[in-house]
Amino acid sequence: MKLNLRVWRQRNSGAEGAMATYEVDGISPDMSFLEMLDTLNEELILRGEDPVAFDHDCREGICGACSLVINGDAHGPERTTTCQLHMRSFRDGDTVDVEPWRASAFPVVKDLVVDRTAFDRIIQAGGYVTAPTGAAPEAHATPVPKAAADSAFEHAECIGCGACVAACPNGSAMLFTSAKVNHLNVLPQGAPERETRVLDMVAQMDAEGFGGCTLTGECATACPKGIPLPSIAAMNKEWLRARRKVK
Amino acid sequence: MEYLDFRTGDPIADTKAPAGPIAERWDTRRFEAKLVNPANRRKHRVIVVGTGLAGGSAGATLAEQGYHVVQFCFQDSPRRAHSIAAQGGINAAKNYRNDGDSIHRLFYDTVKGGDFRARESNVHRLAQISVEIIDQCVAQGVPFAREYGGLLDTRSFGGVQVSRTFYARGQTGQQLLLGAYQALSRQIAAGNVEMHARTEMLDLVVVDGRARGIVARDLITGAISTHYADAVVLASGGYGNVFYLSTNAMNSNATAVWRAHRRGAYFANPCFTQIHPTCIPRTGDHQSKLTLMSESLRNDGRIWVPRAKGDTRPAAEIPEDERDYYLERIYPSFGNLVPRDIASRAAKNVCDEGRGVGPGGQGVYLDFADAIARMGRAAVEARYGNLFDMYARITAENPYETPMRIYPAVHYTMGGLWVDYDLQTTVPGLFAIGEANFSDHGANRLGASALMQGLADGYFVLPATINDYLARHPKSEPVTDEHPAVREVLAETEDRLALLLSVDGDRTPDSFHRELGEVMWEFCGMARTAEGLRTALRRIPEIREEFWRRIKVPGSGEEFNQSLEKANRIVDYLELAELMCLDALNREESCGGHFREESQTPDGEAARRDEEFSYAAAWEFTGTAPVLHKEELAFEYVHPTQRSYA
Amino acid sequence: MALAPSKDTATAKGSASTRDASPARPPSRTPSRGFWSSTIGKKTVMAVSGLIMLAYLVAHVAGNLKVFFGPEEFNGYAHWLRVMGAPVLHHEWGLWIARIALLAAVGAHAVSAYQLSRRDIRARPTRYARKRKGSSYATRTMRWGGIILGLFIVWHILDLTTGTVHPGGFEEGKPYQNVIDTFSTWYGNTIYIVAMLAVGLHVRHGFWSAAQTLGVGNARRERVLRLLANGLALVLTAGFIAVPVGVMTGVVN
């Protein structure tokens, strides 16, 4: 099949960008979206043009590197990562818009590549348990109720791709931050730092220039790992609780 | 460079593992190792390349100890290292099931699983540390699967008879990596780790015979920079991407280890690669990578192909008596749970016979119909739901109704930089951990052991052994860019990139990579012959020569340039591939993942030749014919036996 | 931040200025644990002030419906509002306390909404080439709906409290007649009905949203909260609109 691709091209973070149009032919429905872009890039290289830069790595939906907004949807029309989106989701002759994540906290590096280090700094602010190597007690010393373990896991599934921010009309990182806060705060191991964790991570999130949450739910709809919207309410609760406890 | 020829040099030996009973060696080594005064640790800088399970845990732990860590990853975040994609689980000899497991049994299983080509001392230490890893990860908040009583759940994995694999649904690698990443993040915030993301190591700086730094490229700006330290730790993963199609991430590469090899680190057992039997078959030439599905699927799925050649009927229309459940037929006692290499080779054999299924006949069925009938669909969904979803997404087939199609793919490389018991390479001050070294898996790796080894090296082994090196080298002369050794490395790096950009030929980097991969898969894949390997050794230099004549890399070096990154990695694949084939040619026996067709038992099983090949092959780079240094392997505790799964 | 290489260790080769293009930028401001500086803190202020106004609206609509029981009861109710709390409170004190509380709530709601909106717009300066329709209409109209309601409140007070823009002769203490005057004009009806539809939409997303912000929401309560939000929105809109409809149809005259 054949597609009419409109791709955001931007030389570097300082340059102006614009959409450029490419026709891609000979697309197999079994290709992943990224393999379709590989095909385009092979052609561009041979034509002496600059290939389209995009982030990708594992191509099996777990590393969280790929980050394309396709026809206005973060990761495209299916609920998955871009690397796991296949061309059978498109029809011959479709015009497809491909853009980078849009948020001022995620500046464009080049073309479709953005800088997501703000997420790393949110984790650095408190998204960990202080458990130096060697200091750990026997693993079975603290049983964890299955419900808490399952809840922690559900939130820990977040791959940090940033689709939530890209989909949010406010560029808010509440779903990402709440996933990490809840993952650690529901576990007994995370309890000693429960209050400081949520306060510091939210403070860092705000300092990074992400927008506030207006609970539009776009984030949870876009999330390829299904982090649920109520995560945000749970983090709000943690935050208010911590405000009361920490003077 | 012409590799067909090599010479045999002096034998090499590990001098760091203490003598004495194997269970006491690690304690003895830790006691004998010199320590660095805590007040002096912050004066020592340690470079760590890579942020996967090994690198992430090492960086965090070294920083906790007080060292100043300078860490690098080419990904945009340390959290994205490819360890994240490991699905199945992590082994530990906890014996929580009371099913007869013990440190000694895990040690025994690993040595045997590695087909007696691993060093006993290292493997025993790995088994000892395995129990501490679980404690450490639980304390960090890793959400392992739990039972209703709140205790950790385990499962049996990869044909092992005990249930010692801890897991977090199908995302064990991700959860363990996030644990290490979080610990690392804490140290970054504390200022103890200086993190350079999107920065790729391009070469090693060796000054006065010691590893003192690296040359790296900022992938965003293209700026080449030098970084100096008292020791360098490579945690850059395996080299499976030599094959182009593998389960590795697209950007996983061999540059760090290969450049270190060129600077003097011996490369051990490069031909030991693991082919994983349960991957999703390729769909066409556009295929960019292969996706692995956890081999836990083999616990309940049955593998079969049609009895007749060229049977193109849909699976459902093939009656039971026209199906060949070949693993159950050939290996009645282990059935579908035979080790990875046997399952992979058997799949290749039936496909070579023309009985493969799916497009191109490169696939076999993995059928859950019996499991669904026995346990019910809900139970199958609970156990494998996420894998089934992944399969359905990629293939657009519903595995609850039609059998999955699987085919083997390159997955893991047991070979790597040669290291001693301290995980130090032959370059003093250069350490290699995780998949980047060769140490613990021998000729084949057991399922759920890669995560164990990465974390054992990073959390526990390296942080203990590097002390000894740093204590013995308390004062390092400062190195600057003006040092002749540095100038030379910098000039070589810059020249190499400049050359790649200037050839301006007519072929893309990927086209060369694909071509190399096809040669490697054909001749250095699941089954190898002397003739095939000689063909590969003739073809690879030809591809390399053509590469330097026809490569086209657009853009410049002073910008974000993914084509340049790729082309530069292929330069190293083209050299490493040759060493892999040479090593495979030299090892005229079948062992573990390395199957030489010339070395089979009368009934077609792999035949090891212990009298001649009970050694680790450590290769020295010379620029021309490499030198082979043999490390003889002694088995005091687990006596070599021929594997038998029949 | 630790992500930026320190000068003494990393020696940039080639053009030194290329380093400046590195987007590993520092956060836009220093992190603060403060209540008001946090987006969650501001949202909490919005939620609490919104719930105060919502409680007021419930009382307001109940009072309004008295119009259907004739001028005596309606005017009597208006009089009671002025003697509310007597004899502990002086004449109109109760009313003024309520007015001040409401004013504070409106002010807090508006200021936090303004500041959050400014921030949100800054956080997402570039639009996508193609926009998707995702969230509900109520969700997407919170900002404009809020502005419409703010303007409506000004008109509503000038119309029926101070009488400044009231059509016909405004008579203090005769609210029944004043209401009929307002709803006898086409524009009075239009403004009011549009505003009440806006109230419904605003409450529909606002109430549920406030529950999430205050951490009351969770997966289990989701259905109840949604039901409650829709119910409140419906009751308020229907209740308020009943009055102009009553005037227009002659039920109230």
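These numbers were taken from a predicted model, which means no experiment stands behind them.

This brings us to the overall build of chain B. A count of helical and extended segments in chain B gives 17 helices and 21 strands. For chain B, the C-alpha radius of gyration of 24 Å lies close to 26 Å, the compact-globule estimate for 646 residues. By principal-axis analysis of the C-alpha atoms, chain B measures approximately 75 × 60 × 50 Å. Within chain B, buried positions represent 69% of all 646 residues.

Moving on, we get to the sheet that holds strand E12 (residues 267-268) of chain B. Residue and element names in this part refer to chain B. In space, the five strands of this open sheet follow the order E1-E21-E20-E12-E18, with mixed pairing throughout. Two strands bound the open sheet, and with one partner strand each, they are strand E1 (7-8) and strand E18 (416-417). Looking at chain direction, E12 and strand E20 (residues 615-620) are connected through two bridges and run antiparallel. Its bridge partner being in E20, Phe267 is matched across the sheet by Trp619. Contacts between helix H16 (residues 562-586) and the sheet are confined to E12, E20 and strand E21 (627-632), with E20 contributing the most and set at about 145° to the helix.

For the rest of this paragraph, the subject is the domain arrangement of chain A. Residue and element names in this part refer to chain A. When its domains are assigned, chain A resolves into domain 1 (3-110) and domain 2 (117-245). The centre of domain 1, based on its C-alpha atoms, is set 29 Å off from the matching centre of domain 2. Facing 17 residues of domain 1, the contacting portion of domain 2 comprises 20 residues. The contact between domain 1 and domain 2 buries some 1200 Å² in all, and 61% of this surface belongs to carbon and sulfur atoms. Of all residues in domain 1, Arg79, Ala105 and Phe106 give up the largest surface area on contact with domain 2, accounting jointly for 40% of the area buried on that side. In this structure, the connection of domain 1 to domain 2 is made through zero salt bridges. The interface formed by domain 1 and domain 2 holds four residue pairs in polar contact (both at pLDDT 80 or more) in total. Of the residues contributing to the side of domain 1 that touches domain 2, the split by class is nine nonpolar, six polar and two charged.

Relative orientation of the contacting elements helix H8 (residues 230-245) of chain A and helix H1 (residues 39-64) of chain C amounts to 95°, with a least axis distance of 11 Å. Between H8(A) and H1(C), the crossing angle belongs to the class labelled roughly perpendicular. Residues A:Met235, A:Asn236, A:Trp239 and A:Leu240 of H8(A) form the contact with H1(C), whose own contacting residues are C:Ile40, C:Gly41 and C:Thr44. Within the contact of H8(A) with H1(C), the residues separate by chemical class into four nonpolar, three polar and no charged.

This part is about the interface of chain A and chain C. Many analyses report the size of an interface as the accessible area lost when the parts associate. Across the boundary between the two partners, chain A contributes 61 residues, which contact 48 residues of chain C. Both sides together, the interface formed by chain A and chain C hides about 4300 Å², and carbon and sulfur atoms give 53% of it. Our count for the chain A to chain C interface comes out at three salt bridges. For the interface between chain A and chain C, the tally reads 20 residue pairs in polar contact (both at pLDDT 80 or more). Of all the secondary-structure elements, those providing two or more residues to the side of chain A that touches chain C are strand E5 (95-100), helix H2 (117-124), helix H4 (163-167), helix H6 (194-207), helix H7 (218-222) and H8 of chain A.

What follows concerns a nonpolar patch on the surface. Residues and elements named next belong to chain C. Taken together, the side chains of Leu65, Phe68, Phe69 and Val251 make up a nonpolar region of the molecular surface, amounting to roughly 400 Å² of accessible area. In this structure, Phe69 sits in the loop between H1 and helix H2 (71-83). Judged by its relative accessible area of 60%, Phe69 falls in the exposed class.

Turning to the nonpolar core, a few remarks are in order. Of all hydrophobic cores here, the largest spans 276 residues; its most connected members are A:Phe210, B:Ile90, B:Phe144, B:Phe368 and B:Met520. At 14 residues, H16(B) tops the list of elements feeding residues into this core. With near-sequence residues (within four places) excluded, B:Met520 lies in contact with B:Val242, B:Phe243, B:Gly525, B:Ile540, B:Ala577, B:Met580 and B:Cys581. Counting 26 residues, the second-largest nonpolar core is a separate cluster that includes A:Met36, A:Leu44, A:Cys83 and A:Met87.

With that settled, the discussion passes to the domain arrangement of chain B. Residue and element names in this part refer to chain B. Here the domain parsing of chain B yields domain 1 (1-272 + 414-637) and domain 2 (276-411). Between the C-alpha centres of domain 1 and domain 2 the distance comes to 30 Å. Taken together, the 30 residues of domain 1 in the interface contact 30 residues of domain 2. Between domain 1 and domain 2 lies a buried interface of about 2500 Å² when both sides are counted; carbon and sulfur atoms form 53% of it. It is Leu245, Thr247 and Met526 that lose the most area in domain 1 upon contact with domain 2, and together they represent 26% of the buried surface on that side. The tally of links from domain 1 across to domain 2 stands at zero salt bridges. Here the side of domain 1 that touches domain 2 is built from residues that sort into 11 nonpolar, 16 polar and three charged.

About the cut-offs
- Residues numbered from 1 in each chain as written.
- Chains lettered and ligands numbered in written order.
- Predicted model: local features only at pLDDT ≥ 70, side-chain atom pairs only at ≥ 80, totals over all residues.
- Heavy atoms only, no water.
- Helix = DSSP H or I, 4+ residues; strand = E, 2+ residues; numbered from the N terminus.
- Rg over C-alpha atoms; globule rule 2.2 N^0.38 Å.
- Buried < 20%, exposed > 50% of the residue type's maximum accessible area, 1.4 Å probe, protein only.
- Pairing = 2+ DSSP bridges.
- Contact = heavy atoms within 4.5 Å.
- Axes fitted to C-alpha atoms, helices over the stretch in contact; angles between N-to-C directions.
- Domains from an automatic or database assignment.
- Buried area = accessible area lost by both parts, 1.4 Å probe.
- Salt bridge = Lys/Arg side-chain N within 4 Å of Asp/Glu carboxyl O.
- Polar contact = N/O pair within 3.5 Å; in protein donor to acceptor, adjacent residues only side chain to side chain.
- Nonpolar A, V, L, I, M, F, W, Y, C, P; charged D, E, K, R; others polar.
- Parallel < 35°, antiparallel > 145°, perpendicular 65-115°, else oblique.
- Patch = residues over 30% accessible without salt bridge, like charges linked within 9 Å, V, L, I, M, F, W, Y side chains within 5 Å.
- Areas by Shrake-Rupley, 256 points an atom, 1.4 Å probe, with all protein chains shown as cover.
- Core = buried A, V, L, I, M, F, W, Y, C linked by side-chain atoms within 4.5 Å.

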